[in-house]
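Single-letter residue listing:
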Amino acid sequence: MSLENLDFKEDLDVLFEAVLKLQNIDECYKFFEDIATINELKAISQRIQVAKMLKDKKVYTEIAETTGASTATISRVNKCLNYGEGGYNIVLERMYPKNN
């Protein structure tokens, strides 16, 4: 299911516009601390770390050990990397251009 088809797309547009207005890491910390729980932020940041490790050809056991992610989470991220909308790949290519 694409986010484009959700009935709260306009709300997501506002959220994404807000994120695009953040100018540095400090602002990100302040904003995300206000809008998300520690566990939500941990889960999201963990998925990005898992995606990076998958792109670096790490095996599930090493990823799980390093990140604490479940194999279900690792599998879901891997599915998104290979068959998703390309969001992880966009971010990882911009963050680590030499590795891609």
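Residues numbered from 1 in each chain as written. Predicted model: local features only at pLDDT ≥ 70, side-chain atom pairs only at ≥ 80, totals over all residues. Heavy atoms only, no water.

Peer 1: Quick question: what am I supposed to make of the layout of surface pockets here?
Peer 2: Rolled over the atoms, a probe sized like a water molecule indicates the empty space that remains. Approximately 2300 Å³ is the volume found for the largest pocket. Contributing to the lining of the largest pocket are 37 residues, with Phe16, Ile44, Ile48, Tyr88 and Val91 lying nearest its centre. For the lining of the largest pocket, the secondary structure elements donating two or more residues are α1 (9-21), α2 (25-35), α3 (38-55), α5 (71-83) and α6 (87-95). In terms of residue count, α3 provides more of the lining of the largest pocket than any other element does, 7 residues in total. (1 Å grid on protein atoms, 1.4 Å probe; cavity = no way out; pocket = protein on both sides within 12 Å on 5 of 7 lines; lining within 4 Å. Points joined across faces, edges and corners; volume = space filled by probe spheres on them. Helix = DSSP H or I, 4+ residues; strand = E, 2+ residues; numbered from the N terminus.)

Peer 1: What exactly am I supposed to notice about a nonpolar patch on the surface here?
Peer 2: Taken together, the side chains of Leu3, Leu15, Phe16, Val19 and Ile35 make up a nonpolar region of the molecular surface, amounting to roughly 390 Å² of accessible area. The greatest single-element share of the nonpolar patch, amounting to 3 residues, is contributed by α1. With respect to the secondary-structure elements, Leu15 resides in helix α1. Here Leu15 falls in the partly exposed class, since its relative accessible area comes to 33%. (Patch = residues over 30% accessible without salt bridge, like charges linked within 9 Å, V, L, I, M, F, W, Y side chains within 5 Å. Areas by Shrake-Rupley, 256 points an atom, 1.4 Å probe, with all protein chains shown as cover. Salt bridge = Lys/Arg side-chain N within 4 Å of Asp/Glu carboxyl O. Buried < 20%, exposed > 50% of the residue type's maximum accessible area, 1.4 Å probe, protein only.)

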